[in-house]
Amino acid sequence: KAGVTQTPRYLIKTRGQQVTLSCSPISGHRSVSWYQQTPGQGLQFLFEYFSETQRNKGNFPGRFSGRQFSNSRSEMNVSTLELGDSALYLCASSLVGHEQYFGPGTRLTVT
Amino acid sequence: DQQVKQNSPSLSVQEGRISILNCDYTNSMFDYFLWYKKYPAEGPTFLISISSIKDKNEDGRFTVFLNKSAKHLSLHIVPSQPGDSAVYFCAASAIAGNQFYFGTGTSLTVIP
C-alpha cells in the first residue's frame, strides 16, 4: 500500500504571498490531519478533515485554511505569508481512532 | 497550553543499554497514547501505542508504560542501537475524537 504523499517537498515564498500544499492519504484512510513543525515547538495541530468536513481545528489564525476532496486528498492554504510561517508542514492520514501515518512533509521557507 | 510535555530535549545512551524516554500529559480525557520516531527530512513514523485500559505494551525492543494516576508515560528501548538515534515524539488523544496532541520531542543519540 502506498504511503502518504505530499507535494511539493520544498517551497520558497516571499512575505505576503499565498501557498497551497497538497496531501494524498493512504488508500482507505478518510481522516487527514495537518501539522506545523518548528524547532522547539514540536508538532502543532492545524486541522483535521474527515469526509470533506473539518472536524477539529487548532489554534492558528484564519490565514491557515484547508479542504478535503471526495477522494480524501487534502490541500492546505496559507495566505499573506509571514516569516514565522517558515516550517515543516506535515500531513497525516488515519482510520478513525487509530494511529496516524505521516507523509514526508513540505518544507516551506518564507523570505 | 502544552497538554503533552516531554521535558528532556535530548538523551544520550551507550549502545546496548536501555533508553528511557518520558512524557507527561495534563488532560485526563486522553485515553490513547502513541510514540513516534522521526529522522531528519522525514515524517514521523509510528512506533507503538497504548490505550488507557492497559499499563504496558511491548513490541520487540520497545515497551511503553502508562501510569494514569501520574499522567505519565515512558518508552523503553532495550537494547539501544545506533539506528535508534532520532527524535522521539509522544502523542495523546481522546479516542472519541481524532485530534492528536504531540510533545516537543526528545532527541535520542545512541553512542556506538
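Our subject is the structure that appears above.
Conventions adopted
- Residues numbered from 1 in each chain as written.
- Chains lettered and ligands numbered in written order.
- Predicted model: local features only at pLDDT ≥ 70, side-chain atom pairs only at ≥ 80, totals over all residues.
- Heavy atoms only, no water.
- Helix = DSSP H or I, 4+ residues; strand = E, 2+ residues; numbered from the N terminus.
- Rg over C-alpha atoms; globule rule 2.2 N^0.38 Å.
- Buried < 20%, exposed > 50% of the residue type's maximum accessible area, 1.4 Å probe, protein only.
- Contact = heavy atoms within 4.5 Å.
- Areas by Shrake-Rupley, 256 points an atom, 1.4 Å probe, with all protein chains shown as cover.
- Lys, Arg positive; Asp, Glu negative; His and termini not counted.
- Charge placed at Lys NZ, Arg CZ, Asp CG, Glu CD.
- Buried area = accessible area lost by both parts, 1.4 Å probe.
- Salt bridge = Lys/Arg side-chain N within 4 Å of Asp/Glu carboxyl O.
- Polar contact = N/O pair within 3.5 Å; in protein donor to acceptor, adjacent residues only side chain to side chain.
- Nonpolar A, V, L, I, M, F, W, Y, C, P; charged D, E, K, R; others polar.
- Pairing = 2+ DSSP bridges.
- Axes fitted to C-alpha atoms, helices over the stretch in contact; angles between N-to-C directions.

## Some details on the overall build of chain B
Piece 1. Each helix and strand in chain B was counted, giving 0 helices and 11 strands.
Piece 2. Along its sequence from the N terminus, chain B presents helices and strands in the succession β-β-β-β-β-β-β-β-β-β-β.
Piece 3. Relative to the compact-globule value of 13 Å for 112 residues, chain B shows a C-alpha radius of gyration of 13 Å, a close match.
Piece 4. Structurally, chain B occupies a C-alpha span of about 40 × 30 × 20 Å along its principal axes.
Piece 5. Buried residues in chain B amount to 44% of all 112 residues.
Piece 6. Taking as baseline every contact in chain B between residues at least 6 positions apart, the subset at least 24 positions apart corresponds to 55%.
Piece 7. Roughly 5200 Å² of accessible area belongs to chain B as shown, and the carbon and sulfur atoms make up 51% of that amount.
Piece 8. Here chain B contributes 9 positive and 9 negative side-chain charges, whose respective centroids are spaced 2 Å apart.

## Some thoughts on the interface of chain A and chain B
Piece 1. With 25 residues of chain A in contact, the opposing surface of chain B contributes 17 residues.
Piece 2. Both faces considered, chain A and chain B share a buried interface measuring about 1600 Å² in area, 54% of it formed by carbon and sulfur atoms.
Piece 3. Across the chain A-chain B interface, the total number found is 0 salt bridges.
Piece 4. Put simply, chain A and chain B have 2 residue pairs in polar contact (both at pLDDT 80 or more) between them.
Piece 5. Elements that contribute at least two residues to the side of chain A that touches chain B include exactly strand S4 (31-38), strand S5 (42-50), strand S6 (53-57) and strand S9 (87-94) of chain A.
Piece 6. At 5 residues, S5(A) tops the list of elements feeding residues into the side of chain A that touches chain B.
Piece 7. Grouping the constituent residues of the side of chain A that touches chain B by class yields 8 nonpolar, 13 polar and 4 charged.

## Concerning the sheet that holds strand S7 (residues 62-67) of chain B
Residues and elements named next belong to chain B.
Piece 1. Taken together, the 5 strands give an open sheet; going across it, the order is S1-S3-S8-S7-S6, and neighbouring strands pair in antiparallel fashion. Whereas interior strands pair on both sides, the edge strands pair on one side only; in this sheet they are strand S1 (4-5) and strand S6 (56-59).
Piece 2. In terms of strand pairing, S6 meets S7 through 4 bridges, oriented antiparallel. When the bridges of S7 are listed, Asn57 appears paired with Val64.

## A word on the sheet that holds strand S8 (residues 74-78) of chain A
All names here are of chain A.
Piece 1. Strand order across the open sheet formed by 4 strands is S1-S3-S8-S7, with antiparallel pairing between neighbours. In the strand order of this sheet, the two ends are held by strand S1 (5-7) and strand S7 (64-68), each with one partner. Between one strand and the next, the sheet's axes are offset by a mean angle of 20°, whatever the strand orientation.
Piece 2. Summarising the sheet, strand S3 (residues 19-24) and S8 pair through 5 bridges and their orientation is antiparallel.

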